[in-house]
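# Commentary on secondary and tertiary structure
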Amino acid sequence: MAATDPNRVIIFDTTLRDGEQSPGCSMTLPEKLEMAHALQNLGVDVIEAGFPIASPGDFESVAEIARQIHGPIICGLARCNPADIDRAADAVKHSKKPRIHLFLATSAIHREFKLKMSREDILTRTVESVKRARDFCADVEFSPEDAARTELDFLSEVVERAIEAGATTLNIPDTVGYAVPAHYAAIIRHLKTTVRNIDRCVLSVHCHNDLGMAVANSLAALGEGARQVECTINGIGERAGNTALEEIVMALKTRQDYYGLTTGIETKFLGPVSRKLSNVTGMQVQRNKAIVGRNAFAHEAGIHQDGMLKNPNTYEIMRPEDVGISKTELVLGKHSGRAALRERVAHLGYHLADEQLNTVFADFKKLADQKKEVFDADIEALIETQLQANSGGKLWSLVGFTSTAGTGSQTSAAVSLRHRDDPVGVVRRDAAPGNGPIDALFKAIARVTGVTAKVIDYRVRAVSQDMDALGEAHIEVEYNGKRSSARAVSLDVIEASALAYLEVLNRFVQQQLRDRLKPTDNVPTNVVPVV
Ligand code: KIV
Ligand code: ZN
């Protein structure tokens, strides 16, 4: 790490904290755990697992990640107040390498309008908070929020006082994505030359992408001696997002000649982790996204293709296999065995228990019978479906459905569902008309379950590129003021839609159960169980 090797850059991943804050990216506890395992595999140095005071769910996620993930430092975010700090300390204490990350805004606009605090108040609060955090934990990071818009003299003063109080990492956030590379580099240079004992701490950068410069700004800061980069997979995060982990890592690797810096990232997992995050959140990366976009290694122009055939270096500065994107995505067929699948699952960055692997294998065999070719993306979809299904015993499950639609005809759907508590063989059925087959289907499900939720977002896409691809449905739903999203795959997109919708309804109803509302409160009495 940086302490021993001056050229080693610490990769601080905040996908599960800043990333998760972005609209449409919220994750359940099992999803966060799955992502945390993938990040550990990827070789990140720090996982910022959440903001423990934000909600009981956030606290539990940080605590569980701290319990389960070994290797990376596990970090929890806290504002500079005792309740936040104590809560963060309580969540990260389960880790062998805990970190508390404190933040307090320092820019004039935040001081005056948000905090209503003077410069002196900020200094006092910084020192008190860092000291309190140090009582719990030897590893304390401090972020002067909106540092990029803070007066330089005051920024130096805050940073110096935080170091004196015991902060071990000083992070300089460009909270609103306002900086440009030369400006941001100058801030780091200024701190390096004006702050006493700056060499006792690691200087860190945290850039937002509002002007599309998060990666460029982070690289410029590394050029001035910063040695920790805060970043997220696929660059997700507040508004336009954060520095994209895969871009920063591959820039440092590809331009080692220029930067002379290294990271501990196992780059062959970049592609799989990026896809995993898209699968979990339903937020796809744009096709032309650097490193992990579908077109990142595609060559369309004849001249380029000709050059590539003669020597790939003519038009490729990175090898796709170095970032885990195989040129030959076709991996398994119906004659492939369990060992081949196990190997492929590991290659894709998943760890499945034997029982889970058996289920995925059975699903894979069924799929291989129906579909000519099975791609990595198909296998990932099967695994994700399996992981989601395991995330808490289903209350309602789909037995079957029919839907009728056609030009000029009335659209309707009928569903048969099983309720977990019904005797074996009991199936509940109902039907509904609707504006299109999906609307009818959701209405029929609402009639059986008694739960009517509002659909906020609904998308379907083909998982792989072939004609008979698996269809993936992603749905975001609001119920009782709460939002949740889920995804499901099937060769039939209507079935995938029903499965995704049921997945979210199950979560809501199970949450109500946990909140001690009887589940049967929601089950209408007019639905007669049919054996
Ligand atoms: O953008 C920001 O300032 C943050 C801090 C909490 C580090 O996310
Ligand atoms: Zn941020």
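Further up the page is the structure itself.
This write-up is about the structure you can find in this document.

Conventions adopted
- Residues numbered from 1 in each chain as written.
- Chains lettered and ligands numbered in written order.
- Predicted model: local features only at pLDDT ≥ 70, side-chain atom pairs only at ≥ 80, totals over all residues.
- Heavy atoms only, no water.
- Helix = DSSP H or I, 4+ residues; strand = E, 2+ residues; numbered from the N terminus.
- Expected span 1.5 Å × (residues − 1).
- Buried < 20%, exposed > 50% of the residue type's maximum accessible area, 1.4 Å probe, protein only.
- Contact = heavy atoms within 4.5 Å.
- Donors = N, O, S within 2.8 Å, 3.2 Å for Na, K, Ca; no water.
- Pairing = 2+ DSSP bridges.
- Disulfide = S-S within 2.5 Å.
- Axes fitted to C-alpha atoms, helices over the stretch in contact; angles between N-to-C directions.
- Core = buried A, V, L, I, M, F, W, Y, C linked by side-chain atoms within 4.5 Å.
- Domains from an automatic or database assignment.
- Arc of directions from axis to C-beta.
- Polar contact = N/O pair within 3.5 Å; in protein donor to acceptor, adjacent residues only side chain to side chain.
- Near = heavy atom within 4 Å.
- Phe/Tyr/Trp six-rings, centres within 6.5 Å; stacked < 30°, edge-to-face > 60°.
- Lys NZ or Arg CZ within 6 Å of the ring centre and 35° of its normal.
- Salt bridge = Lys/Arg side-chain N within 4 Å of Asp/Glu carboxyl O.

### Brief notes about helix α3 (residues 56-68)
- The terminal C-alpha atoms of α3 lie 18 Å apart, and with 13 residues this matches the ideal 18 Å at 1.5 Å per residue to within 8%.
- Of all the residues in α3, the buried ones are D58, F59, S61, V62, A63, E64, I65 and A66.
- The inward-facing, buried residues of α3 abut α1 (15-19), α2 (29-42), β2 (46-50), β3 (73-79) and α4 (82-92).

### Considerations on the coordination of the zinc ion (ligand 2)
- Note on the zinc ion (ligand 2): its protein donors are D18 (OD), H206 (NE2) and H208 (NE2). The metal-donor distances range over 2.0 to 2.1 Å.
- Between consecutive donors of the zinc ion (ligand 2), the numbers of intervening residues give the motif D-x187-H-x1-H. One end of the pair, D18, is in helix α1; the other, H208, is in the loop between β7 (202-207) and α9 (214-223), and 190 residues separate them in sequence. Exposure class is identical for D18 and H208. Each is buried.

### Looking at the pairing of strand β4 (residues 98-105)
- The element β4 is extensively covered by neighbouring structure, given that seven of its eight residues are classed as buried.
- Relative to β4, β3 runs parallel, the two sharing six bridges. Considered in β4, the bridge of C75 is made with R99.

### Details of the environment of V374
- Here V374 lies in strand β10 (residues 374-375).
- Residue V374 is classed as buried on the basis of its relative accessible area, which comes to 0%.
- A C-alpha to C-alpha distance of 6.2 Å links V374 and G333, two positions 41 residues apart in sequence.

### Topic: the state of the cysteines
- Taken as a whole, this structure holds zero disulfides when the rule is applied.
- Sulfur of C25: no disulfide; nearest cysteine sulfur belongs to C231 and is 16 Å away.
- Classification of C25 by relative accessible area gives buried; the value is 0%.
- No disulfide involves C207; its nearest neighbouring cysteine sulfur is the one of C231, lying 10 Å away.

### Examining the environment of D492
- Turning to its location among the elements, D492 is positioned in the loop between β16 (482-490) and α18 (493-514).
- Judged by its relative accessible area of 33%, D492 falls in the partly exposed class.
- For D492 and G471, which are 21 residues apart along the polypeptide, the C-alpha to C-alpha distance reads 6.3 Å.

### Points about the sheet that holds strand β15 (residues 471-479)
- With antiparallel pairing, the three strands of this open sheet are ordered in space as β14-β15-β16. Of all the strands in the sheet, the pair left with one neighbour each is β14 (454-462) and β16. On average, adjacent strands in this sheet sit at an angle of 15° to one another, irrespective of strand direction.
- Here β14 pairs with β15 via eight bridges, running antiparallel. When the bridges of β15 are listed, R459 appears paired with H474.

### Observations regarding the nonpolar core
- L42, L102 and F142 are the most contacted members of the largest nonpolar core, which totals 91 residues.
- Per-domain counts for this core show at least three residues from each of domain 1 (10-281) and domain 2 (297-327).
- Residue contacts for F142: discarding those within four places in its chain leaves C80, L102, L104, T126, V130, V158, A162, A167, T169, L170 and N171.

### What to know about α4
- Taken together, the buried positions of α4 are occupied by D84, I85, A88, A89, A91 and V92. Here the buried residues of α4 occupy an arc of 165° about the axis, which is enough to place them on one side.
- In this structure, the buried residues of α4 make contact with α3, β3, β4 and α6 (119-136).
- Capping the start of α4, N81 holds a side-chain oxygen 3.2 Å from the backbone nitrogen of A83, two or three residues further along.

### Describing the site of ligand 1
- Neighbouring ligand 1 are R17, D18, H101, F103, S143, E145, N171, P173, T175, H206 and H208.
- R17 has a polar side-chain atom sitting 3.0 Å from an oxygen atom of ligand 1.
- One of the side-chain nitrogen or oxygen atoms of T175 is found 2.6 Å away from an oxygen atom of ligand 1.
- At the level of secondary structure, the elements contributing two or more residues to the shell around ligand 1 comprise α1, β4, β5 (140-145) and β6 (169-174).

### Comments concerning the packing of aromatic side chains
- Inspection of the entire model under this criterion finds five aromatic pairs.
- Taken together, a centroid distance of 4.9 Å and an interplanar angle of 85° make the contact between Y258 and Y259 edge-to-face.
- Among the aromatic residues, ring-to-ring pairing joins F442, Y458 and Y501 into one connected group.
- We note R87 situated over the ring of F59; from NZ or CZ to the ring centre the distance is 3.8 Å.

### Examining the pattern of salt bridges
- Counted by the stated rule, this structure contains 38 salt bridges.
- Between E247 and K289 there is a salt bridge, with its nearest N and O atoms 2.6 Å apart. Residue E247 is found in helix α10 (residues 245-254), and its partner K289 is found in the loop between α12 (270-281) and α13 (302-310); the two are separated by 42 residues along the sequence.
- Take K289: its relative accessible area is 6%, and that puts it in the buried class.
- For E266, the salt bridge goes to K268, with nearest N and O atoms at 3.6 Å.
- On the basis of relative accessibility, which here comes to 39%, the residue K268 falls in the partly exposed class.
- Residues joined by salt bridges that share partners form a network here, namely R111, R119, E151 and D153.

All quantities given are derived from atomic positions and should not be read as evidence of function.
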